[in-house]
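Structural overview for review
Chain by chain, the residues:
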Amino acid sequence: MQIKEALFKGKSILKNSDTASLDASLIMSHVTGFSKAGLIIHDEDELSSELQGSFFSLIDKRSKGYPVAYILGYKDFWSLRLKVNEHTLIPRSDTETLVEAALSLNVKGDVLDLGTGSGAIILALKKELRDSINAYACDISEDTLNVAEINAKENDLEVKFFISDWFNDVPEKKYALIVSNPPYIEEDDEHLGRSSLPYEPSRALASGPDGLNDIKTIAYKARFYLAFGAYLIVEHGYNQGAAVQKIFSDLGYEDVQTLKDLEGRDRITMGAFFGK
């Protein structure tokens, strides 16, 4: 079977996916080692039986909803290529809105990322701000932190990682900025059983009946760790902007604002704390 024939068959198997063509091409590149251009140049090359088996095995996994990022073993985020696996949430482009918001503050000093996952947010900030910040990041899972540490090393970025359930074991200091992409999906949301979500770590997705349990915890405790006038920035669901703004305002945060993602949906809420 030629590469182009296998690709056609792979796309047909994935026909119910909006990204069938892209997914099949990425998987073929992964199996053969050819770039996108290389697949075009070599589209009439014969695939060995071994490569055919590998390709269609992965196509079958993808057809069942298994994420392409886990198949490839990486996900591009910001200007970084990050290792991902089933211990980490897959970074989404929506989260780049949080990075942009943080960079707009021109922060200097200690920056903390809560629930860092693959390290996407803190590594993007460290890459842009370099020596202007001291980067700290925590996660409750040792397996997840192992992935984040690999990503830091492979991108030559210095971050101090540590295990902590939110603030329970965070170094007691005043941070110039605290950021987090916490779980924020309602625990009975039907979307948890769709797309790639069933394969991603559940602890990184759902957070109580209204999806706000962890955001409430973070917003409450962050006040004791923020420097005077420093910001807390959190990602949340598209329909949670008003609720998160109220959580922030009720806890004494000022300059509270919600920013929209690339599709114009509420995605990020930020507020400064002045110690009142």
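Just above, that's the structure.
Residues numbered from 1 in each chain as written. Predicted model: local features only at pLDDT ≥ 70, side-chain atom pairs only at ≥ 80, totals over all residues. Heavy atoms only, no water.

1. Observations regarding the packing of aromatic side chains
- Scanning the model with the defined rule gives eight aromatic pairs in all.
- Look at F167 and Y225: their rings are 4.7 Å apart centre to centre, the planes differ by 25 degrees, and that puts the pair in the stacked class. In this pair, F167 sits in the loop between β5 (160-163) and β6 (175-180) while Y225 sits in the loop between α9 (213-222) and β7 (226-235), placing the two residues 58 residues apart along the sequence. For the pair shown, F167 and Y225 are each scored as buried.
- Their ring planes at 70 degrees and their centres at 5.8 Å tell us that Y220 and F224 sit as a pair that is edge-to-face.
- What links up through ring pairs into an aromatic cluster is the set F248, Y253 and F273.
- A cation sits over an aromatic face here: K61 above Y66, 4.1 Å from the ring centre.
- Residue placement shows R81 over the ring face of Y74; its charged tip is 3.8 Å from the ring centre. (Phe/Tyr/Trp six-rings, centres within 6.5 Å; stacked < 30°, edge-to-face > 60°. Helix = DSSP H or I, 4+ residues; strand = E, 2+ residues; numbered from the N terminus. Buried < 20%, exposed > 50% of the residue type's maximum accessible area, 1.4 Å probe, protein only. Lys NZ or Arg CZ within 6 Å of the ring centre and 35° of its normal.)

2. Let's talk about the environment of M270
- Tracing the backbone through its elements, the reader meets M270 in strand β9 (residues 266-273).
- The buried category is assigned to M270, whose relative accessible area is 4%.
- Expressed as a C-alpha distance, the spacing of M270 and E235, which sit 35 residues apart in the sequence, is 8.9 Å.
- Here M270 is in contact with A101, L105, Y231, L232, I233, F248, D255, V256, Q257 and L259, once residues within four sequence places are set aside. (Contact = heavy atoms within 4.5 Å.)

3. As for the sheet that holds β5
- With mixed pairing, seven strands are arranged side by side in an open sheet as β5-β4-β3-β6-β7-β9-β8. Each edge of the sheet is formed by a strand with only one pairing partner; in this case those strands are β5 and β8 (254-260). For this sheet the average axis-to-axis angle between neighbouring strands, irrespective of direction, equals 15 degrees.
- Of the strand pairs in this sheet, strand β3 (residues 109-114) and strand β4 (residues 133-139) are connected by six bridges, and their pairing is parallel. Bridged to G109 within β4 is I133. (Pairing = 2+ DSSP bridges. Axes fitted to C-alpha atoms, helices over the stretch in contact; angles between N-to-C directions.)

4. A closer look at the nonpolar core
- By size, the foremost hydrophobic cluster in this structure holds 33 residues, and its most contacted members are L123, L125, L177 and I233.
- Secondary structure elements with two or more residues in this core: β2 (80-83), α6 (96-103), α7 (120-129), β4, α8 (142-154), β6, β7 and β9.
- A per-element tally of this core places α7 first, with seven residues.
- For L125, the residues in contact, after removing those within four places along its chain, are V99, A102, L103, V111, R130, I133, L177 and V179.
- One finds Y136, F167, V244 and L251 within the second-largest nonpolar core, a separate group that totals 28 residues. (Core = buried A, V, L, I, M, F, W, Y, C linked by side-chain atoms within 4.5 Å.)

5. Focus on the packing of α6 against α7
- α7 packs onto α6 with a crossing angle of 40 degrees between their chain directions and a minimal axis gap of 10 Å. By the angle between their axes, α6 is oblique relative to α7. Pair α6 / α7 crosses with right-handed handedness. Together, L98, V99, A102 and L103 of α6 and I121, A124, L125, E128 and L129 of α7 make up the contact between the two elements.
- Its residues assigned to classes, the contact of α6 with α7 shows eight nonpolar, no polar and one charged. (Parallel < 35°, antiparallel > 145°, perpendicular 65-115°, else oblique. Left-handed = near helix turned anticlockwise from the far one by under 90°. Nonpolar A, V, L, I, M, F, W, Y, C, P; charged D, E, K, R; others polar.)

6. Here we look at the pairing of β8
- Pairing geometry for β8 and β9, over five bridges, is antiparallel. Within β9, the position partnered with E254 by the bridge is A272.

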